[in-house]
Amino acid sequence: MRPARNSKGFPMQTAPLDFRLATRADEELLISLMRAFYAEDRIEFDDVRVRRGVDALLADPRNGEVLLWLDEAGQVVGYAVIAMGFSLEQGGHFMLLDELYLGPRARGRGRGKQALAICEQRARGRGVSRLRLEVNHHNELARRLYLASGYIDDTRDLLTLPLDHPRPEGIL
């Protein structure tokens, strides 16, 4: 694979990416990063629902983990959420790379690939053989990164039924 290139066609230097696991003390920081990600990726931000999910994730490591991405100075520049799932088709437990976000100043120089590699390593450490993710149709840049990193397009769509809302009239 060719090294990443800058806008002038010269090879880019890879910037180091480190992480630390989020704790309950990081909840507000995580929420602020999530707001930025959701706004950028056109995802509805439901504060109550998001906080309920963050609380459950940080309360029980069996659910998964939040990695806070750190730049060279140790500043948080993004996050990833990997969560446990179960599927017969996937052979039992798998991990879902639920969210991956690098702030604008942290992008480029190979950090996205590094983030994916770290998430893969964390998933392997949990003993699963599959790491899945979802990508919005409009996010072609992320989609290309995932495919170039070995992810497979299952040629399916993810559908959601909100169980906490009444169904529209006429639907069983």
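I will try to describe carefully the structure that is included in this document. Since we're looking at a predicted model, the values are computed, not measured.

Remarks on the overall build of the protein chain
Secondary structure assignment for the protein chain yields 4 helices and 5 strands. In terms of overall dimensions, the protein chain is globule-like: its C-alpha atoms have a radius of gyration of 17 Å, near the 16 Å expected for 172 residues. Principal-axis analysis of the C-alpha atoms gives the protein chain an extent of 60 × 40 × 35 Å. Counting across all 172 residues of the protein chain, residues that qualify as buried make up 33%. A sequence separation of at least 24 residues applies to 57% of the contacts in the protein chain between residues at least 6 apart. If the 25 positive side-chain charges of the protein chain are averaged to one point and the 25 negative ones to another, these points end up 7 Å apart.

Brief notes about the packing of helix H1 (residues 27-40) against helix H2 (residues 47-59)
Look at H1 against H2: their axes get within 11 Å of each other, and the N-to-C directions meet at 130 degrees. In terms of orientation, H1 and H2 fall into the oblique class. The crossing of H1 and H2 is right-handed. In this structure, H1 contributes Glu27, Glu28, Leu30, Ile31, Met34, Arg35 and Tyr38 to the contact, and H2 contributes Asp47, Val50, Arg51 and Val54.

Brief notes about the side chain of Asp41
In this structure, Asp41 sits in the loop between H1 and H2. Within the buried set, Asp41 has no salt-bridge partner at all; the shortest N-O distance to an opposite charge, 6.3 Å, is to Arg42. Ignoring sequence-local partners within four residues, the contact set of Asp41 consists of Asn136, His138 and Asn139.

Remarks on unusual backbone geometry
Residues other than glycine seldom take positive phi values, yet Arg42 does so here, at roughly 60 degrees. Even without being glycine, Arg109 reaches a positive phi, approximately 55 degrees. Counting through the fold element by element, Arg109 comes out in the loop between strand S4 (92-102) and helix H3 (111-125).

Things to note about the environment of Asp41
Take Asp41: its relative accessible area is 8%, and that puts it in the buried class. Each C-alpha atom, one on Asp41 and one on Asn139, is 7.6 Å from the other, the two residues being 98 residues apart in sequence.

Considerations on the environment of Leu159
Inspection of the secondary structure assignment puts Leu159 in the segment after helix H4 (140-148). On the accessibility criterion, Leu159 (74% relative accessible area) is exposed. A C-alpha to C-alpha distance of 29 Å links Leu159 and Trp69, two positions 90 residues apart in sequence.

Side note on H1
Since one α-helical turn is 3.6 residues long, residues separated by three or four positions face the same way. For H1, which comprises 14 residues, the first-to-last C-alpha distance of 20 Å matches the rise-based estimate of 20 Å (1.5 Å per residue) to within 8%. Burial in H1 covers these residues: Glu27, Leu30, Ile31, Leu33, Met34, Phe37 and Tyr38. One face of H1 carries all of its buried residues, which in axial projection span an arc of 165 degrees. Residues of H1 that are buried in the fold lie against H2, strand S2 (64-70), strand S3 (76-87) and S4. After H1 finishes, the residue Arg42 shows a positive phi value of roughly 60 degrees.

As for the side chain of Gln90
With respect to the helices and strands, Gln90 occurs in the loop between S3 and S4. According to the relative accessible area criterion, Gln90 is buried, its value standing at 7%. Within the local environment of Gln90, its side chain forms a polar contact with the side chain of Arg130, the two groups lying 3.1 Å apart. Apart from the residues lying within four places of it in its own chain, the contact partners of Gln90 are Arg130 and Arg132.

The rules behind these values
- Residues numbered from 1 in each chain as written.
- Predicted model: local features only at pLDDT ≥ 70, side-chain atom pairs only at ≥ 80, totals over all residues.
- Heavy atoms only, no water.
- Helix = DSSP H or I, 4+ residues; strand = E, 2+ residues; numbered from the N terminus.
- Rg over C-alpha atoms; globule rule 2.2 N^0.38 Å.
- Buried < 20%, exposed > 50% of the residue type's maximum accessible area, 1.4 Å probe, protein only.
- Contact = heavy atoms within 4.5 Å.
- Lys, Arg positive; Asp, Glu negative; His and termini not counted.
- Charge placed at Lys NZ, Arg CZ, Asp CG, Glu CD.
- Axes fitted to C-alpha atoms, helices over the stretch in contact; angles between N-to-C directions.
- Parallel < 35°, antiparallel > 145°, perpendicular 65-115°, else oblique.
- Left-handed = near helix turned anticlockwise from the far one by under 90°.
- Salt bridge = Lys/Arg side-chain N within 4 Å of Asp/Glu carboxyl O.
- Expected span 1.5 Å × (residues − 1).
- Arc of directions from axis to C-beta.
- Polar contact = N/O pair within 3.5 Å; in protein donor to acceptor, adjacent residues only side chain to side chain.

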